Amino acid sequence: ETEDSKEKLCKMIELMDGFKASKVLFTASKLRVFDVLRSSKTGELQAEDVAQEIKASMKGTERLLEACVSLGLLQRTGKQYANTAMSRHFLLSDGPLSLQGYIQHCNELVWPLFTHLETAVREGTNQHEKAFGKTSNNLFQDAYYSRHEVKLRFMKAMHSIARVSGRDVATAFDLSKYKTACDLGGCTGAMAYEFAKAHPGLSVTMFDLPKVIEMSGHFRPHDADDRVSFVAGDFFKDELPKADVYILARILHDWSDEKVHILLSKIAKACSPGCAVLVSEIFLDEDRKGPSRGLLQALSMTEGRQRSASEYSLLLKSHGFTAAQVKHTHNLLDAILFCDCGAATSFG
Ligand code: SAM
């Protein structure tokens, strides 16, 4: 009984302090604490050296570093601070699995939005205008892409998630019978390059808004595969590139059912028999009791919503696509492969 209530109290404390822990991570990232420690000769520094490097007060730096140790973000031996394996893996700005881009997006965009959660819940509306003083009818055109640095920050955020999850999504299914893919709303191309790497016979067209495509050079990998090409357009208005597989990674959750149907009917029209659609999202549990990552994201209150695998299947079914395989990757994004009804039997 008392053990049980202590456990409950611990859980409560964790929830009450969760926002402080997030902000410690965001702040240490923004002040480049993890990069500074990595760049030192021995990989270790004392608090005063870190304070000097990050141009911050000694008192503040010391408290930040101690808090990081308690959260498993740093380790300390004597007076020397160093990165933990987890921070070396995910928090160095130039690491292949760096989450820095996404963390900065959380700090600068999601954090201010969530300070207005109460209004968001009362009104059932997105709080972008309240947080940033601008109206946004279209989240991308009006909010993310109206200023260059905001656009770049958003793209870096998408890039970091795509880099971490892309390989698992790209290798989720055997796509060897397909020759061409089109990654709709592919952003920086990170996912497209993962698909090209995973499937030697596949050419991938990355399709996104012109303002995004013009930045694609910035995110081009050193070993960029020339089977990836870029096409600019609006997937609600313009003709879609022809492809055997259409990839929709983190697209459908952004839009109202009405817009989802517009997009899916355009895909269905562009598809020839035997084509496939690959949807990658966080899949909610069928009883909608988790994962909390998806349910928390839903509180950003965009016009879209989070769905379970069977809800995605229903949406796609109304456009003639049958779910062939579902893959829970245990990474940040899951995936379903749909094929058009005529070809469904070939998946057994
Ligand atoms: N698929 C990428 C991934 O998983 O990393 C990016 C997902 S991001 C949430 C949504 C993407 O859709 C952005 O790159 C955005 O520019 C693109 N997008 C939004 N509206 C679009 C439109 N009307 N036409 C084409 N792309 C659009």
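The structure presented is a predicted model; accordingly, all values stated were derived computationally and were not measured. (Residues numbered from 1 in each chain as written. Predicted model: local features only at pLDDT ≥ 70, side-chain atom pairs only at ≥ 80, totals over all residues. Heavy atoms only, no water.)

**Q** Whenever I open this one, the site of the ligand confuses me. Can you help?
**A** Near the ligand lie 18 residues; those nearest to it are Tyr 145, Gly 185, Asp 208, Ala 249 and Arg 250. In the environment of the ligand, an oxygen atom lies 2.6 Å from a nitrogen or oxygen atom belonging to the side chain of Asp 208. Here a nitrogen atom of the ligand sits 2.8 Å away from a polar atom, N or O, in the main chain of Phe 235. Look at the ligand: alone it shows 590 Å² of surface, and the protein chains cover 98% of it. The residue inventory of the shell around the ligand, partitioned by class, reads 12 nonpolar, 2 polar and 4 charged. (Near = heavy atom within 4 Å. Polar contact = N/O pair within 3.5 Å; in protein donor to acceptor, adjacent residues only side chain to side chain. Areas by Shrake-Rupley, 256 points an atom, 1.4 Å probe, with all protein chains shown as cover. Nonpolar A, V, L, I, M, F, W, Y, C, P; charged D, E, K, R; others polar.)

**Q** Even after reading the chapter, I still don't get the sheet that holds strand S3 (residues 80–83), so can you show me in this structure?
**A** Note: strands within a sheet are paired through backbone hydrogen bonds, in either parallel or antiparallel orientation. Spatial strand order, S1-S3-S2: 3 strands in an open sheet with antiparallel pairing. Each of the sheet's edge strands pairs with one partner strand only, and the pair in question is strand S1 (44–46) and strand S2 (74–77). Here the strands of the sheet are splayed against their neighbours by 35° on average, with no regard to which way each runs. Looking at chain direction, S1 and S3 are connected through 3 bridges and run antiparallel. Residue pairing across strands places Leu 45 opposite Tyr 81, the latter belonging to S3. Those strands touched by helix H4 (residues 58–70) are S2 and S3, and its axis lies near 105° from that of S2. (Pairing = 2+ DSSP bridges. Helix = DSSP H or I, 4+ residues; strand = E, 2+ residues; numbered from the N terminus. Axes fitted to C-alpha atoms, helices over the stretch in contact; angles between N-to-C directions. Contact = heavy atoms within 4.5 Å.)

**Q** Quick question: what am I supposed to make of the domain arrangement of the protein chain here?
**A** Here the protein chain is partitioned into domain 1 (2–90) and domain 2 (165–347). A C-alpha centroid distance of 36 Å is found between domain 1 and domain 2. (Domains from an automatic or database assignment.)

**Q** What is the right way to read the pairing of S3 from this model?
**A** The side chains of a regular strand alternate, residue by residue, between the two faces of the sheet. Relative to S3, S2 runs antiparallel, the two being bridged by 4 bridges. Looking at the pairing, Thr 77 lines up with Gln 80 of S3. The antiparallel pairing of S2 with S3 creates a hairpin that spans 2 residues between the two strands, and Gly 78 there sits at a positive phi of about 60°.

**Q** Please clarify how the packing of helix H10 (residues 148–170) against helix H11 (residues 190–198) should be interpreted in this entry.
**A** Packed helices, taken two at a time, are described by the angle their axes make and the gap between the axes. Where H10 contacts H11, the axes come no closer than 8 Å and their chain directions differ by 25°. The angle between H10 and H11 falls in the class roughly parallel. Our pair here, H10 against H11, has a crossing hand that is right-handed. Along the contact surface, H10 presents His 159, Ala 162, Arg 163, Gly 166, Arg 167, Val 169 and Ala 170, while H11 presents Ala 190, Met 191, Glu 194, Phe 195 and Ala 198. Here the residues of the contact of H10 with H11 sort into 7 nonpolar, 2 polar and 3 charged. (Parallel < 35°, antiparallel > 145°, perpendicular 65-115°, else oblique. Left-handed = near helix turned anticlockwise from the far one by under 90°.)

**Q** Can you help me understand unusual backbone geometry in this one?
**A** Only a minority of non-glycine residues have a phi that is not negative, and only a minority of peptide bonds are not trans. The residue after Gly 290, namely Pro 291, is reached through a cis peptide bond having omega -10°. Residue placement: Pro 291 occurs in the loop between strand S8 (276–281) and helix H14 (292–297). Unusually for a residue other than glycine, Cys 187 sits at a positive phi of about 60°.

**Q** Help me understand the packing of aromatic side chains, please; the structure alone is not making it clear to me.
**A** The description of two aromatic rings rests on the distance between their centres and on the angle between their planes. A full pass over the atoms with the stated rule returns 11 aromatic pairs. Summarising the aromatic geometry, the rings of Phe 283 and Tyr 312 are spaced 5.8 Å apart at their centres and angled 45° between planes, so their arrangement reads as tilted. Within this pair, whereas Phe 283 is found in the loop between S8 and H14, its partner Tyr 312 is found in helix H15 (residues 309–317), the two being separated by 29 residues in sequence. The exposure class assigned to Tyr 312 is buried, which follows from its relative accessible area of 0%. Taken together through their ring pairs, the aromatic side chains of Phe 140, Tyr 144, Tyr 145, Phe 154, Phe 235, Phe 236 and Trp 255 make up a single cluster. Against the face of Trp 111 rests Lys 23, its NZ or CZ located 4.8 Å from the ring centre. (Phe/Tyr/Trp six-rings, centres within 6.5 Å; stacked < 30°, edge-to-face > 60°. Buried < 20%, exposed > 50% of the residue type's maximum accessible area, 1.4 Å probe, protein only. Lys NZ or Arg CZ within 6 Å of the ring centre and 35° of its normal.)

**Q** What exactly am I supposed to notice about the packing of helix H1 (residues 2–30) against helix H6 (residues 100–114) here?
**A** One can describe the packing of H1 onto H6 by two numbers: an axis separation of 9 Å at closest approach and a directional angle of 120°. The orientation of H1 relative to H6 falls into the category oblique. Between H1 and H6 lies a crossing of left-handed hand. Within the contact between the two elements, H1 uses Phe 19, Lys 23, Leu 25, Phe 26, Ser 29 and Lys 30 and H6 uses Gln 100, Ile 103, Gln 104, Cys 106, Asn 107, Glu 108 and Trp 111. In terms of residue class, the contact of H1 with H6 is made up of 6 nonpolar, 4 polar and 3 charged.

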